[in-house]
Amino acid sequence: MKITDQARDLMNQILEDEGSGCLRLFFAGFGCGEPDIGMTISDPEADDQLHRINSIPVAIDERIAHLTEELTIEGKQTMEGPKFQILGLPERDC
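The structure presented is a predicted model; accordingly, all values stated were derived computationally and were not measured. (Residues numbered from 1 in each chain as written. Predicted model: local features only at pLDDT ≥ 70, side-chain atom pairs only at ≥ 80, totals over all residues. Heavy atoms only, no water.)

Peer 1: In this structure, what is going on with the pairing of strand β5 (residues 56–61)? I would like to understand it.
Peer 2: Taken residue by residue, a regular strand's side chains alternate between the two faces of the sheet. Within β5, 5 of the 6 residues are buried, which leaves the element mostly enclosed by the surrounding structure. Where strand β2 (residues 22–31) meets β5, 3 bridges bridge the pair, whose relative direction is parallel. Within the sheet, the bridge partner assigned to Arg 24 lies in β5 and is Ala 59. Relative to β5, strand β4 (residues 48–53) runs antiparallel, the two sharing 6 bridges. Considered in β5, the bridge of Ile 53 is made with Ile 56. Hairpin remark: β4 followed by β5, antiparallel, with 2 residues in the connecting loop; positive phi at Asn 54, about 50 degrees. (Buried < 20%, exposed > 50% of the residue type's maximum accessible area, 1.4 Å probe, protein only. Helix = DSSP H or I, 4+ residues; strand = E, 2+ residues; numbered from the N terminus. Pairing = 2+ DSSP bridges.)

Peer 1: Help me understand helix α1 (residues 5–18), please; the structure alone is not making it clear to me.
Peer 2: Every α-helix winds through 3.6 residues per turn, so residues three or four apart in the chain are directed the same way. For α1, spanning 14 residues, the distance from its first C-alpha to its last is 20 Å, which sits close to the expected 20 Å at 1.5 Å a residue. All buried positions along α1 are accounted for by Ala 7, Leu 10, Met 11 and Leu 15. The buried side chains of α1 occupy one side of the element, clustering within an arc of 135 degrees when seen end-on. Of the exposed residues in α1, the ones pointing more than 90 degrees away from its buried face are Glu 16 and Asp 17. Following α1 by one or two positions, Gly 19 adopts a phi angle in the positive range, close to 85 degrees. (Expected span 1.5 Å × (residues − 1). Arc of directions from axis to C-beta.)

Peer 1: Sorry, what's going on with the environment of Gly 29 here?
Peer 2: Relative to the assigned elements, Gly 29 resides in strand β2. Residue classification places Gly 29 among the partly exposed positions, given a relative accessible area of 23%. If we skip the residues at most four places from it in the chain, Gly 29 touches Glu 34, Pro 35 and Asp 36. (Contact = heavy atoms within 4.5 Å.)

Okay, here's the thing in structure tokens:
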């Protein structure tokens, strides 16, 4: 997985404001037969894999870890605040 520099800078600010936690990617149910990936700022769960990607602490739910290898997280600042997007997810036909 990759985190762009712009996403890193936005996440660092959020993590600093939160005071604790990390970026966490988690199993968010099934969609079209494939697991959905959720993203939040929280403390790691007991069965998460812990990583540091582009200086960001990242916890990845082991159930979806195999799906995250080719992902890129991009971020940008908008009028509503920071927005993040996960790129590289498999295309769905449903």
